Amino acid sequence: MGHAYSSIVADVFARFKRLEGKNVFFLTGTDEHGLKIQREAEKNSKDTKSFCDDVSAKFKNLTKILNLSTDDFIRTTEQRHHNSVKAIWNKLVESGDIYLSKYAGWYSVSDEAYYTEDEILTEGNKKTAKSSGSAVDWFEEESYFFKLSSWEDKLLDYYKKNPEFISPKSRNNEITQFVKSGLNDLSVSRTSFKWGIQVPNNKKHIVYVWLDALTNYLSGLNFPDTNNKLYKDFWPANIHIIGKDILRFHAVYWPAFLMAAKLPLPLKIYSHGWILSDDKKMSKSIGNILDPIDIIEKYGIDQLRYYLIKEVSLGNDGNISMENLKNCINNDLANNYGNLCQRVFSFIEKNCNSKLPKPSKFEEVDLNLTNNLINSVDALIIDMEKQDLNNYIKKVVEFSFNANKYFNDLQPWALKKTNLDRMNTILFTIVTQIKNISILLSPIIPISSEKILNIMNLNSKDMLLKSINNKNIFDHMLQFKKTSILFKKIENDN
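One numbering rule holds for all chains: residues counted from 1, following each sequence as written. For a predicted model such as this one, the threshold for reporting local features is a pLDDT of at least 70, and the threshold for listing and counting side-chain atom pairs is 80 or more; totals across whole chains, interfaces and linings nevertheless cover every residue. Working from all heavy atoms in the structure, the side-chain values ignore hydrogens and water.

(A) Quick peek at the layout of surface pockets. Cavity and pocket criteria rest on a 1 Å grid covering protein atoms alone: a 1.4 Å probe that fits but cannot get out defines a cavity, protein on both sides within 12 Å along at least 5 of 7 lines defines an open pocket, and an atom within 4 Å of a point defines a lining residue. Grid points are joined across faces, edges and corners, and a volume is the space filled by probe spheres set on the points. When its volume is computed, the second largest pocket comes out at roughly 410 Å³. In this description a helix means any DSSP run of H or I spanning at least four residues, a strand means any run of E spanning at least two, and both kinds are numbered starting from the N terminus. Counting only elements with at least two residues in the lining of the second largest pocket, the list comes to β3 (98-108), β4 (113-115), β7 (137-146), β9 (186-187) and α10 (247-260). Top contributing element to the lining of the second largest pocket by residue count: β3, with 4 residues. Three categories are distinguished: nonpolar for Ala, Val, Leu, Ile, Met, Phe, Trp, Tyr, Cys and Pro, charged for Asp, Glu, Lys and Arg, and polar for the others, with Gly belonging to the last. Grouping the constituent residues of the lining of the second largest pocket by class yields 12 nonpolar, 6 polar and 5 charged.

Structure (structure tokens):
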């Protein structure tokens, strides 16, 4: 569920930027190297590459299940990625930031992370990382080190000059305090296993999995070919969307690697919280795991996407439950937005031969409804720029609520015999509002939004923010397509 949430959030931002008419590159993929992967393959009696092929295929398929609008899927076992990692390594060697020494310390195979003594919890003979609860073991081996300690002041200076670089603010404070407490040089190679990318000019060493994995952001853009169009168009990245458990790697190690390699830094690292199930972290032992695929099969992908975006406060831990999911689907999608579309389209079908009538004179109440949304578009863009998804969706839901109220209050069904011009204007106004709400919801519920726009004979090229201001977008001679139930209301299905 956490992976699904990260992916959906990133997809919402990518889709919204396309609504703005921006050129967007949305990258995801799989990190496939390290001792953890090697051990899992051995446990499953599989060749390591074959094991990775199977697991990666499942994640790639998940991009379709979650309806992600990804432009590429990078695997760290691909040759283009190996080329990028070796190029980064050589740049770090050239800058004098890598040296050979010996590593001795606590290491978590599960987290692929090193921990200091004060980050370890000891209970009997068992030692675990305080942050994750994962087991740690003592490792001693020859290792290349990255001079992370020499980048401490430069990192702090960068955080200070770029306060939005690590978001939300609470994460910025957390990382700033961590760096201020002092940085040790980072072990960036291993000799105790072979599943990874070999260090250039020393085949005995494998590149540390996080230096390897983080470089995927560049390898997806064909680095080290800095003249490549993808690299020139899309680096530095506008935003990385990550979970809070991997913040340190992205907000400390990654910018230090890039600074040392003399490469631009991504503009923002946005770290979201954990997804909790009934106030507890999901765990097989507790039995509270919510499988996104099960939910999608039962209720639909748009329903899950909408629920996660609306109910989880981006940046904080989010508590979800099946009961809340059902209530959200019923109240927001079925009873509010879905019901609005259903009633209006059915009315036009029965009373207007399925064609949208042309308006005559707009009254103040009509203009207020339409202009309230149109005048909010700039603020909605700012909400998205600040990753304030919750405020964004709250406003869009309010537009839908107000549209329902408008339709109920003005009662076009009572005007058919007494004031046809007024009825036609009301219908044009409410359909325009449905069109605009659907465009604003399309990054979150793309399948349903496109279905609704298609009923009105609009298509994907009309799904742009500039279409909100287009008053001549409708073909009044074309019949609306047949309407079916857009969002099924969930009854007691326990």
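Still more ground to cover, so stick around.
(B) Up close: empty space enclosed by the protein. Inspection of every chain in the model, using the stated rule, returns 3 cavities of 30 Å³ or more. Of the pockets and cavities examined, the largest cavity occupies roughly 60 Å³. If you trace the largest cavity, you find it lined by Tyr306, Asp332, Leu333, Asn336, Tyr337, Val396, Val397, Ser400, Ile437 and Leu441. Top contributing element to the lining of the largest cavity by residue count: helix α13 (residues 322-351), with 4 residues. Its residues assigned to classes, the lining of the largest cavity shows 7 nonpolar, 2 polar and 1 charged.

(C) Up close: the sheet that holds β9. Spatially, the 4 strands line up as an open sheet ordered β4-β3-β7-β9, and their pairing is antiparallel. The open sheet terminates on both sides in strands that have one partner only, identified here as β4 and β9. Any two strands are treated as partners once DSSP identifies two or more bridges connecting them. In terms of strand pairing, β7 meets β9 through 2 bridges, oriented antiparallel. Opposite Phe146, over in β9, you have Leu186 as the bridge partner.

(D) Highlighting the environment of Trp195. Its place among the elements puts Trp195 in the loop between β10 (189-190) and β11 (198-199). In sequence terms Trp195 and Leu35 are 160 residues apart; their C-alpha atoms lie 6.8 Å from each other. Beyond its immediate stretch of four places on either side in the chain, Trp195 contacts Glu32, His33, Gly34, Ile37, Gln38, Thr48, Lys49, Cys52, Thr77 and Ile206. Any two residues whose heavy atoms approach within 4.5 Å at even a single point are treated as in contact.

So far we have only geometry, and geometry alone does not tell us how the molecule works.
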